[in-house]
Amino acid sequence: MTGDVSLRDLNRCFEGVIPTIVATASANGVPNVTYLSKVRMVDSERVALSNQFFSKTTRNLAENPRASILLTDPATYDQYRLAIVYERTDDRGRVFELLHDDVAAVAVMHGMQDVFKLRGADVYRVLHVDMIPARGDTLPDAAGDRRPRAQDVPGALAELTSRLGRCPDLDTLVTATVDGLAERLGFPHVLLMLLDERGSRLYTIASRGYDAEGVGSEIPVGEGVTGMAAARCSPIRLGNLHQMRKYGRTVRQAFEQRGDIGPGHDVPVPGLPRAESRMAVPAMALGRLVGVLVVESMQRAAFTAEDEELLMVVAALVGNAIEIERVRDLAPDATVSAPPGARPTGQARSTRVRFFDVDGSTFLDGDYLIKGVAGRLLWSLLKQYDDEGRVDFTNREVRLDPSLELPEFRDNFENRLVLLKRRLDERHAPIRIEKTGRGRFRLDVGTGLVLETGGRD
Amino acid sequence: MEARAAELLAGRFGLVAGLVDSEGVPYATRTYGITVVEERPLRLRVVLPLDDGLPLCIGEEVGPIALTATEPLTLRSVQFKGRAGPVEPATAEDRATVARCCDSFFSALMEIDGYERSFLERVVPADFLVCSVDVDELYDQTPGPGAGAAISGAAS
C-alpha cells in the first residue's frame, strides 16, 4: 500500500454510517457501481467486503480482480478511495464471522434470518489509499464527548468496580450498574436484561436514561440485536441503525416480492425509538449467559471498539456478581434483620388484583403489572397474605411453591423477586416488597385487597 | 426513457459513478449533477468532481461508465450503463445543475436521515468536470436478491 494514510486511520469509515461505494469492471472493461452493505478492515493491508448475493460485482471479480471503493468518514466527511485487488473469499473464520454478525444483525431486525445470509467474505489487498479531503474547516469529534478521556477510563472503571463490590444485594447491584455506567463511564442510555429460567427470553431488570424504566419488558433470545448478542454470547456494536433499518426493509420487500418469505414486520426492539448506535454485550459467569448489557445513543457511530472492550469488563463483573448472589441466596441468613411484620388493619382503600393463571399476567386496578414467574410469585404472596395475614417470607420456602412453575435447575428466583420488587416500585404500587435479610423479605401491603382470577384457573 | 428510470430521475436521488482507466482498472466516485439531454435514445449530461484523483483529462474521452441513482428513503436504485464522451470543463449551467441536484438530494437526506446540510456540503468539490453519456443498458440495482437484473427496453 502506498500513500500516507493507513487503514487503521479509517476506523470510523468501517462503521457503515455513510454507505460505501464499490466499482468493479468486467474483463472487457464495462464498469459496475453500487453501494456496499459492509466493509471491514482485516489487517493493515486488507479489507473484506460482504457478499450476500451472487451479484454483478461478484461476477466481475471472477474476470477482473481490481476494484475501487470510496469510503466516507462520518465525523469529518473526508473521503478515501481505495484501489484494491481481490485475493480470496472466506466462508468461515474470523473475517467471515465479523461480516456474518453485521449481516445477521440486519436479518434479525427484519425477520429474514432464513433467507438473508452472508455467502462469503471477499478479502482484498489494498494497493493504494487516496484521501479526498472534505471542504471547510476541520470538525471537532462529536462522538463520545460525554465519555471519559482514555487516560481517565481506568480510574472510572476502578470506581465503578468498587461501587459494585460494595452492593449488598441484587437490587442494589443492578441499580449501581446502570447508574455507574451513566455517571462514571458516560453511557447515558443503559439497559440491563437478564436471562429467564428457561434460557429463552431476556427481561429488563434495570435501565437508565429512558422515559420509562421498562422493568419486566421482554424479548426472545435470538431476536433483535440484543437477543442476537445473547444467542451468540458475543458483543454486537452497531453505529448505523437508521441505515440498517432502511436497507433491511428494502431487502425484505425484495424477498417478499420473490415469494421467498411471507409479509412480515420489523421486530420491535426495546430502547430509544430513534437510536443510531446500539451496543449489546453479554454478561457471562462460569461459562453461562446471565444477561445482556445494552447501551444506546442517538449519535451515529457513537461507540468505539474500546467502548466495547470496556463494556465487556463491566458485563463480566456484573454477570459474576449476579451469579454469586444467586448461589448465596440458596443459603439464607440465620438472623432476621427486621422484626416480624403484621398485617395492617383498617385499610380505607382497596386495590383489585386480577391474576390470569394461563401466563401469570397480573393486573392492579385494571393496569397490567407483570407476568410469568414474577406474576405467579406476587399472586402466591398475596393469597397467603389474604388467607393467613402473612407478611414475612424466606426465599427458600417460597421457591418451593409449585404454583410458581419454577424449573428445578437454576430457577433464578432471586432475580424474579428483584424484578417484581422493582416493577412494584416503578409503578408506585400500594404493594411493595422489602428485603429484611439475606434470603428473607417482607410483603408491605398498604391497601385493602380484592383478589380475582381470570382465564385458566 | 424507461418508466422506472424516469420516475427515479424526476425525484430526489443520489448518484454514484464507476469509471475505468485505459488498463481496465475501475474507479468509484460520486457525481453531483445530471441532466437528461435526450430521452430516446437516452443521453445524459453528468457532472463529475475535479481533482479527486479520477483518470480524466479535459478533451479526452471517458469511455465506459456506470451510473447508479438511488432514492434515499426506499433505496430503490437504477444503474445506467453506457459510454461517455470527451471531458469538458463545467459551465455556469452545469454549476446550476449541481446546485439544483445537491439541493434536492440534501433536502431528502436531511429529512429522511437527519443529516445536517453543512456536513453534507463538505463532500461537494470546489470544481467539476462534465461529460455526455449515451446509455445502452439499464439495470435494477435496488438492494436484494434481484439486484443487477436487466431492465428490458432500457435505453430505447
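Residues numbered from 1 in each chain as written. Chains lettered and ligands numbered in written order. Predicted model: local features only at pLDDT ≥ 70, side-chain atom pairs only at ≥ 80, totals over all residues.

### With respect to the overall build of chain B
Item 1. From N to C terminus, chain B includes three helices and nine strands.
Item 2. In chain B, the succession of α and β elements from N to C terminus is α-β-β-β-β-β-β-β-α-α-β-β.
Item 3. The C-alpha atoms of chain B give a radius of gyration of 15 Å, which matches the 15 Å a tight globule of 156 residues would have.
Item 4. Judged by the C-alpha coordinates and their principal axes, chain B covers about 40 × 40 × 30 Å.
Item 5. Within the span of chain B, comprising 156 residues, buried residues form 44% of the whole. (Helix = DSSP H or I, 4+ residues; strand = E, 2+ residues; numbered from the N terminus. Rg over C-alpha atoms; globule rule 2.2 N^0.38 Å. Buried ≥ 20, exposed ≤ 12 C-beta atoms within 10 Å, placed from the backbone.)

### So, the interface of chain B and chain A
Item 1. Listed per partner, the contact involves 36 residues of chain B and 38 residues of chain A.
Item 2. When contributions to the side of chain B that touches chain A are tallied by element, the ones reaching two or more residues are β1 (14-20), β2 (26-30), β5 (61-70) and β6 (77-86) of chain B.
Item 3. When grouped by side-chain class, the residues that make up the side of chain B that touches chain A number 19 nonpolar, 13 polar and four charged. (Contact = placed C-beta atoms within 7 Å. Nonpolar A, V, L, I, M, F, W, Y, C, P; charged D, E, K, R; others polar.)

### Re the nonpolar core
Note that soluble globular proteins tend to have their nonpolar side chains buried in a common cluster.
All names here are of chain A.
Item 1. Val47, Ile69, Ala105, Ile205, Val292 and Leu293 are the most contacted members of the largest nonpolar core, which totals 164 residues.
Item 2. It is helix α2 (residues 94-109) that provides the largest number of residues to this core, a total of nine residues.
Item 3. Among all residues touching alanine 105, those that are not within four sequence positions of it are Val225, Met228, Ile236, Leu238 and Met244. (Core = buried A, V, L, I, M, F, W, Y, C linked by C-beta atoms within 7 Å.)

### Remarks on the pairing of strand β9 (residues 201-208) of chain A
Residue and element names in this part refer to chain A.
Item 1. Among the eight residues in β9, seven count as buried, and that is most of the element.
Item 2. Relative to β9, strand β8 (residues 189-195) runs antiparallel, the two being bridged by six bridges. Directly across from leucine 195, in β9, lies its bridge partner leucine 202.
Item 3. Between β8 and β9, which pair antiparallel and follow one another directly, the connecting turn spans five residues, one of which, glycine 199, has a positive phi of 70°. (Pairing = 2+ DSSP bridges.)

### What about unusual backbone geometry?
Item 1. Cis geometry is adopted by the peptide bond preceding B:Pro41, which originates at B:Arg40 and carries an omega value of -10°.
Item 2. Not every positive phi belongs to a glycine, and A:Tyr77 is a case in point at roughly 70°.
Item 3. Turning to its location among the elements, A:Tyr77 is positioned in the loop between β5 (66-72) and β6 (79-90).
Item 4. In the Ramachandran plot, A:Ala301 falls in the positive-phi region, its phi being about 45° despite a non-glycine side chain.

### Some remarks on helix α2 (residues 92-113) of chain B
Residue and element names in this part refer to chain B.
Item 1. Relative to the 32 Å expected for 22 residues at 1.5 Å per residue, α2 spans 30 Å between its end C-alpha atoms, a close match to the ideal helical length.
Item 2. Along α2, the residues that are buried comprise Asp94, Thr97, Val98, Cys101, Phe105 and Phe106. One side of α2 carries all its buried residues, which in axial view fall inside an arc of 145°. α2 presents Ala92, Glu93, Ala96, Arg100, Asp103 and Glu111 as exposed residues on the side facing more than 90 degrees away from its buried surface.
Item 3. If you follow the buried residues of α2, they end up packed against β1, β3 (33-38), β4 (43-49), α3 (117-120) and β8 (128-140).
Item 4. A positive backbone phi angle near 75° is found at glycine 114, which sits one or two residues after α2. (Expected span 1.5 Å × (residues − 1). Arc of directions from axis to C-beta.)

### Re the packing of helix α3 (residues 153-165) of chain A against helix α4 (residues 170-183) of chain A
All names here are of chain A.
Item 1. Between α3 and α4, whose axes approach to 9 Å, the crossing angle comes to 165°. The orientation of α3 with respect to α4, classified from their angle, is roughly antiparallel. Seen along the crossing, α3 lies across α4 with a hand that is right-handed. Between α3, through Leu160, Arg163 and Leu164, and α4, the contact on the second element is made entirely by Leu173, Ala176, Thr177 and Gly180. (Axes fitted to C-alpha atoms, helices over the stretch in contact; angles between N-to-C directions. Parallel < 35°, antiparallel > 145°, perpendicular 65-115°, else oblique. Left-handed = near helix turned anticlockwise from the far one by under 90°.)

### Some points on the packing of α4(A) against helix α10 (residues 413-426) of chain A
All names here are of chain A.
Item 1. Their axes nearest at 9 Å, the elements α4 and α10 cross at an angle of 70°. One element, α4, and the other, α10, form an angle in the roughly perpendicular class. Along this stretch, α4 crosses α10, giving a crossing that reads as right-handed. Here α4 contributes Leu170, Asp171 and Val174 to the contact with α10, which in turn contributes Glu414, Asn415, Val418, Lys421 and Arg422.
Item 2. Taken together, the residues of the contact of α4 with α10 sort by class into three nonpolar, one polar and four charged.

### So, the domain arrangement of chain A
Residue and element names in this part refer to chain A.
Item 1. For chain A, the assigned domains are domain 1 (7-132), domain 2 (150-329) and domain 3 (350-454).
Item 2. For domain 2 versus domain 3, the distance between C-alpha centres works out to 27 Å.
Item 3. Each side of the interface is counted separately: domain 2 has 18 residues, and domain 3 has 20 residues.
Item 4. Of all the elements in the fold, those that place two or more residues in the side of domain 2 that touches domain 3 are α4, β9 and α7 (305-329).
Item 5. It is α7 that provides the largest number of residues to the side of domain 2 that touches domain 3, a total of four residues.
Item 6. When the residues that make up the side of domain 2 that touches domain 3 are grouped by side-chain class, the tally is seven nonpolar, one polar and 10 charged. (Domains from an automatic or database assignment.)

### Looking at the sheet that holds strand β14 (residues 350-356) of chain A
Residue and element names in this part refer to chain A.
Item 1. Read from one edge of the open sheet, four strands run β16-β15-β14-β20, paired in mixed fashion. Bordering the open sheet on either side are β16 (367-370) and β20 (448-454), each of which pairs with just one other strand. Within this sheet the neighbouring strands show an average axis-to-axis angle of 30°, counted without direction.
Item 2. Two strands pair when backbone bridges link them, and strand β15 (residues 361-364) and β16 are joined in this way by three bridges, in the antiparallel orientation.

### Some words on the sheet that holds strand β19 (residues 440-445) of chain A
All names here are of chain A.
Item 1. With antiparallel pairing, the three strands of this open sheet are ordered in space as β17-β19-β18. Looking at which strands have only one partner, the edges of the open sheet turn out to be β17 (392-394) and β18 (431-437). When strand polarity is set aside, the average angle formed by the axes of neighbouring strands in this sheet is 30°.
Item 2. Pairing between β18 and β19: six bridges, direction antiparallel. Following the sheet pairing, glutamate 434 is matched in β19 by arginine 442.
Item 3. Along the sheet face, α10 touches β18 and β19 and points at about 135° away from the line of β18.

### Topic: the environment of B:Pro26
Item 1. If you trace the backbone, B:Pro26 turns up in strand β2.
Item 2. Take B:Pro26: there are 28 C-beta atoms within 10 Å of it, and that puts it in the buried class.
Item 3. For the pair formed by B:Pro26 and B:Ile65, sequence separation is 39 residues and the distance between their alpha carbons is 9.7 Å.
Item 4. In this view, B:Pro26 contacts A:Ala23, A:Thr24, A:Ala25, A:Pro31, A:Arg66, A:Ala67, A:Ser68, B:Gly18, B:Leu19 and B:Val20; residues no more than four positions away in its chain are not counted.

### Brief notes about α2(A)
Residues and elements named next belong to chain A.
Item 1. For α2, which comprises 16 residues, the first-to-last C-alpha distance of 23 Å matches the rise-based estimate of 22 Å (1.5 Å per residue) to within 8%.
Item 2. Buried within α2 we find Val95, Leu99, His100, Asp101, Asp102, Val103, Ala104, Ala105, Val106, Ala107, Val108 and Met109.
Item 3. The positive-phi residue at the C-terminal boundary of α2 is glycine 111, with phi of around 60°.

### With respect to the environment of A:Val39
Residue and element names in this part refer to chain A.
Item 1. Mapped onto the elements of the fold, valine 39 is located in strand β3 (residues 39-43).
Item 2. For the pair valine 39 and glutamine 79, spaced 40 residues apart in sequence, the C-alpha separation works out to 14 Å.
Item 3. Those residues within four positions of valine 39 in sequence are excluded, and the remaining contacts are Phe14, Thr20, Val47, Leu49, Ile69 and Leu71.

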